[in-house]
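Residues per chain, in single letters:
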Amino acid sequence: MQKTTVPLVETPTLPGSWHGRDATVLGLKMMLRILAVTLVYVIVSVLFSFDALALRILTGLLLVGSACFYLYAGGLQAGVADAAFGEIMFSRQAEGKTVLPTEKARCFHPAKGFWIALLGALPFLCITMLYAVQATPERYTLGLLPDWLQGAAQQQTLGEALRYYATREGLSALAILRIVVRTLVMPFINIAVKMGGDATLWAERLSPLWVLLAPLGYGFGYAQGKKQRAKIHASIAAGVQKKLRRERKDRHARARQSKPEQLV
């Protein structure tokens, strides 16, 4: 049997603003969501740091895909809510009632989700861009001097050769930036370090793109809010039509039962 598609039922809605006050508040909340996603990135990447590159790639894809879906679902929910609010404001305006500018700004706008995503990701985007333009290959540093060589380091003949172990560079601002950026894009770094130094360097230079992936899911989800609202109206209309057909069928059945039989 061929599946029948229910036509969408679009209702008039009042257009909103893509950068209203409510969008700013949601953008600030988006920062907290991105921090929560980053925490999950770090925990899962550390727990599932496989030796096999294929397993790291699979884990990274699942992790980033889950983060995108999580923010997509949040954006879709917000888009549906704003679309419904826009329908209410349109009806109020049609009745001649006053619609406040803040109420109008809260209504659905297809670009609002991307503004919220960009606003929430802005501090992390600035950090990654600041590091990306000055990222350099990580240099090898010597570890601690073994205990059994501590005595030799005190000797005049061997001390000069082992003096480099005692030279310690302070933690530079670039090194701190590297730690922060790698934390923000941990699934990609977890894959790149297994592929070598060049891959790690490119993963760090492309970190502004990686940090935007999950927030963009929110924007795409929000943009579907009006369409999802039309599907809800279509489902409601289909349910009403189904109920009317059932009632009509029941009336016909009762009419046939109550009709007197004709004598032959």
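Since the model is a prediction, treat every value here as computed from it, not as a measurement. (Residues numbered from 1 in each chain as written. Predicted model: local features only at pLDDT ≥ 70, side-chain atom pairs only at ≥ 80, totals over all residues. Heavy atoms only, no water.)

Student: Looking at this structure, I do not really get the overall build of the protein. What am I missing?
Tutor: Broken down by element type, the protein carries 11 helices and 0 strands. For the protein, the sequential pattern of α-helices and β-strands runs α-α-α-α-α-α-α-α-α-α-α. A burial count over the protein gives 34% of its 264 residues as buried. Contacts in the protein between residues at least 24 apart in sequence constitute 82% of all its contacts with a sequence separation of at least 6. (Helix = DSSP H or I, 4+ residues; strand = E, 2+ residues; numbered from the N terminus. Buried < 20%, exposed > 50% of the residue type's maximum accessible area, 1.4 Å probe, protein only. Contact = heavy atoms within 4.5 Å.)

Student: Where do I start with the packing of aromatic side chains in this structure?
Tutor: The way to describe two aromatic rings as a pair is by their centre distance and the angle between their planes. Under the criterion given, the structure shown has 5 aromatic pairs. Centre to centre, the rings of Trp-18 and Trp-115 are 5.4 Å apart; their planes meet at 90°, and the pair counts as edge-to-face. Taken together, the positions of Trp-18 in the segment before α1 (21-47) and Trp-115 in helix α4 (residues 112-132) put the pair 97 residues apart, joining distant regions of the chain. Trp-18 gets classed as partly exposed once you look at its relative accessible area, which sits at 38%. Here Trp-115 falls in the partly exposed class, since its relative accessible area comes to 25%. A ring pair is formed by Phe-48 and Phe-50, whose centres lie 6.0 Å apart and whose planes are at 45°; its orientation type is tilted. Phe-50 sits in the partly exposed class, given a relative accessible area of 29%. Between the NZ or CZ atom of Arg-106 and the centre of the ring of Phe-85, over which it lies, the distance is 4.1 Å. Positioned above the aromatic ring of Trp-202, the side-chain terminus of Arg-205 is 5.6 Å from the ring centre. (Phe/Tyr/Trp six-rings, centres within 6.5 Å; stacked < 30°, edge-to-face > 60°. Lys NZ or Arg CZ within 6 Å of the ring centre and 35° of its normal.)

Student: Would you mind going over the pattern of salt bridges with me for this structure?
Tutor: Here the idea is simple: oppositely charged side chains can pair when their charged atoms come close. Going through the model one piece at a time under the given rule, you end up with 7 salt bridges. Taking the shortest distance from any N to any O, the salt bridge between Glu-87 and Arg-229 comes out at 3.2 Å. Taken together, the residues span a long stretch of sequence, with Glu-87 in helix α2 (residues 53-94) and Arg-229 in helix α11 (residues 225-258) at a distance of 142 residues. Taken as a pair, Glu-87 and Arg-229 share a single burial class, namely buried. The shortest N-O distance in the salt bridge between Glu-204 and Arg-182 comes to 2.7 Å. (Salt bridge = Lys/Arg side-chain N within 4 Å of Asp/Glu carboxyl O.)

Student: Is there a simple way to explain a nonpolar patch on the surface in this structure?
Tutor: Taken together, the side chains of Leu-39, Ile-43, Leu-47 and Phe-48 make up a nonpolar region of the molecular surface, amounting to roughly 410 Å² of accessible area. Mapped onto the elements, Leu-39 comes out in helix α1. (Patch = residues over 30% accessible without salt bridge, like charges linked within 9 Å, V, L, I, M, F, W, Y side chains within 5 Å. Areas by Shrake-Rupley, 256 points an atom, 1.4 Å probe, with all protein chains shown as cover.)

Student: Would you mind showing me how to read the packing of helix α9 (residues 197-205) against helix α10 (residues 207-223) here?
Tutor: A pair of packed helices can be characterised by two numbers: the angle between their axes and the separation between those axes. It is the contact of α9 with α10, at a shortest axis distance of 4 Å, that shows an interaxial angle of 60°. Judged by the angle between their axes, α9 and α10 are oblique. Only Ser-207, Pro-208 and Trp-210 of α10 make contact with α9, whose side of the interface consists of Ala-203, Glu-204 and Arg-205. Split into classes, the residues belonging to the contact of α9 with α10 amount to 3 nonpolar, 1 polar and 2 charged. (Axes fitted to C-alpha atoms, helices over the stretch in contact; angles between N-to-C directions. Parallel < 35°, antiparallel > 145°, perpendicular 65-115°, else oblique. Nonpolar A, V, L, I, M, F, W, Y, C, P; charged D, E, K, R; others polar.)

Student: Would you mind going over the packing of helix α8 (residues 186-195) against α9 with me for this structure?
Tutor: The geometry of α8 relative to α9 is characterised by a closest axis approach of 6 Å and an angle of 155° between their N-to-C directions. By the angle between their axes, α8 is roughly antiparallel relative to α9. Contact with α8, carried on its side by Phe-188, Ile-189, Ala-192, Val-193 and Met-195, involves Ala-199, Thr-200, Ala-203 and Glu-204 of α9 and no other residues of that element. Its residues assigned to classes, the contact of α8 with α9 comprises 7 nonpolar, 1 polar and 1 charged.

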